[in-house]
Amino acid sequence: MTEKFDIIVVGAGILGVASAYYLQKNNPDKTVLLVDSQPDAGQANTAMSAAAIRNMFSSSTNQLLTDTSIDFFRHIHDDLKFDLTLHLCGYLWLLSEQQFKEPSVQTWMQRMEANDIAYRVIEQKELQQLIPGLVCEFSAEDEEAALMHLNNVDYALFGAECGVLDPSLLVQFYKSEFLKLSKVKPRFNLRVDSLLLEAQPSLGLPGEPLVWQQKQVTGIRTSQGNIHADKVVVAVGPWTNTLLDPVGIPSYVKAKKRQLFMVAASDHPPLEELLFTKGFSDTGFIPFTILPSGGVYVRGVPEEKSFWIGCADKVGRAYKYTMDEEDYSGERAYYENSVYPVLSKYFPAFANIRPGNMWAGDYAYAVDAIPLIYEHSGVLVVTGASGSGIMKADAIARIADALYRGEPKATLYGGRTIPADSLGLTNRKVEVESVLI
Ligand SMILES: Cc1cc2nc3c(=O)[nH]c(=O)nc-3n(C[C@H](O)[C@H](O)[C@H](O)COP(=O)(O)OP(=O)(O)OC[C@H]3O[C@@H](n4cnc5c(N)ncnc54)[C@H](O)[C@@H]3O)c2cc1C
């Protein structure tokens, strides 16, 4: 006899776990099975993340998704006393004068103002006082800087309501809340080989479903046999195409590799001083800082006395159809030849220090860099977080649940609402996101 549940959630990354939680919470009579090929929840890209959280986006949609999610994370951490290692150290975008004046940056600032997203502009003089170890200007004789097209730092945009957290603790929160409510034990180490597409109703004809029959995804195929459900939620991040393409359901996501390099600050006094930069927030360490050239960014990890260094390389870094095993490996040569030269010009404290550890994962990019949440042929697709799935997770999961319940609007944490179908394919109503890392 085949098993049957009301809902199967495939993928227990942050988006799958948070979705499973809201689906179970708001549909208490339904049975929800959570499935993942990994040994536990949050082991894939969620674990690889820099887990920085910001509401400083250019699109009103991403601002709403992140602002309400961050408020919920603060609620978990401060009110529910569930430690997320949440630090509001801020985000600091370093910009040249030319970048600051670009229409895209001006629109970004205008939209933040219109939507009450807190930020302030810091000018070079103040910035230099706050971070004495930052090189803001390169002389005309600096051949290296010229060769690498390094921009001067004339301005910074600082967002105080942004910061960092531990993504595994966030996963743990949603997973433990889900387990309190669910009657069904999640199944880990279980790979979904494909979705089951069946004729509705089945007439028992050879070759079903035939082209003239109505079709619906009715479950999943696994090594433990077929498991049926009225709704299959596909929350598999950069593997979305592997499940949707074989049954002909559109997905519109592409994968792209992203890497992080851990550089220890202990035993290097200038780096330690940089890490514990005061003056931006009461956390007493450096904000998540994005350099004005090369896409290089710096995330302080005070618990480890280290930095995680990343890079949002755009053209030149391949888009992929799906994530491969090799995408989990950091590339030392990439750090040494691409990231380090830029990083050490702006922050000489990093000079001659090699990363002690490195790792990587994939982003699941949507074309407009706004998440994709939609129903199609019995599937509820939750994907396309575009490199910012941790910080949007709570809102995305609430929208998925509202769609499942057929609600016209999803109510996000704090009471703001969004049309439940606005991140779908048919009635998609979003501005293209331009502030990507
Ligand atoms: C280097 C890096 C830095 C990042 N930094 C940030 C950041 O600072 N802030 C931020 O918000 N986001 C960041 N992100 C992005 C963030 O990690 C993702 O947006 C988020 O983790 C997406 O969650 P997900 O649940 O969609 O995907 P995942 O965490 O990848 O989860 C998908 C799950 O599906 C499972 N799965 C896949 N296929 C199958 C199958 N066939 N059967 C069963 N299970 C399957 C996988 O095992 C996995 O557990 C970063 C990502 C990377 C790689």
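Cut-offs used in this document
- Residues numbered from 1 in each chain as written.
- Predicted model: local features only at pLDDT ≥ 70, side-chain atom pairs only at ≥ 80, totals over all residues.
- Heavy atoms only, no water.
- Domains from an automatic or database assignment.
- Contact = heavy atoms within 4.5 Å.
- Buried area = accessible area lost by both parts, 1.4 Å probe.
- Salt bridge = Lys/Arg side-chain N within 4 Å of Asp/Glu carboxyl O.
- Polar contact = N/O pair within 3.5 Å; in protein donor to acceptor, adjacent residues only side chain to side chain.
- Helix = DSSP H or I, 4+ residues; strand = E, 2+ residues; numbered from the N terminus.
- Disulfide = S-S within 2.5 Å.
- Buried < 20%, exposed > 50% of the residue type's maximum accessible area, 1.4 Å probe, protein only.
- Phe/Tyr/Trp six-rings, centres within 6.5 Å; stacked < 30°, edge-to-face > 60°.

If you check the domain split of the protein chain, you get domain 1 (3–50 + 169–252 + 368–419) and domain 2 (88–163 + 258–362). Between the C-alpha centres of domain 1 and domain 2 the distance comes to 34 Å. Listed by partner, the interface residues are 12 residues for domain 1 and 14 residues for domain 2. Between domain 1 and domain 2, the buried area comes to about 1000 Å², and carbon and sulfur atoms account for 52% of it. Summed over the three residues of domain 1 that lose the most area to domain 2, namely Met48, Ala50 and Pro238, the buried surface amounts to 48% of that side. The interface formed by domain 1 and domain 2 contains 0 salt bridges. There are 8 residue pairs in polar contact (both at pLDDT 80 or more) connecting domain 1 and domain 2. Elements that contribute at least two residues to the side of domain 1 that touches domain 2 include exactly α2 (45–48) and α9 (240–244).

In total, this model carries 0 disulfides according to the counting rule given. Just so you know, Cys136 is unpaired, no disulfide at all, and the nearest cysteine sulfur is the one on Cys89, 19 Å from it. Exposure remark for Cys136: the relative accessible area of 1% places this residue in the buried category.

What follows is about the pattern of salt bridges. Under the defined criterion, the tally for this structure stands at 25 salt bridges. A salt bridge links Glu375 to Lys231, with the shortest nitrogen-to-oxygen separation between them at 2.7 Å. Here Lys231 lies in strand β10 (residues 225–234) and Glu375 lies in strand β17 (residues 372–376), a separation of 144 residues in the sequence. Classification of Glu375 by relative accessible area gives partly exposed; the value is 35%.

Let's shift gears to the packing of aromatic side chains. Scanning all chains against the criterion turns up 23 aromatic pairs. Relative to Tyr334, the ring of Phe261 lies with its centre 6.1 Å away and its plane at 40°, an arrangement referred to as tilted. On the criterion of sequence distance, the pair formed by Phe261 in strand β11 (residues 253–264) and Tyr334 in helix α11 (residues 332–346) is long-range, its members being 73 residues apart. We note that Phe261, like Tyr334, is buried. A centroid spacing of 5.9 Å and a plane angle of 85° characterise the contact between Tyr319 and Tyr365, whose relative ring orientation is edge-to-face. Placement of Tyr319 in strand β15 (residues 319–320) and of Tyr365 in strand β16 (residues 357–366) is noted, with a sequence separation of 46 residues between them.

What follows is about the side chain of Thr61. With respect to the element layout, Thr61 can be found in helix α3 (residues 60–79). Judged by its relative accessible area of 10%, Thr61 is buried. Those residues in contact with Thr61, other than ones at most four positions away along the chain, are Ile370, Ile418, Leu423, Lys429, Val430 and Glu431.

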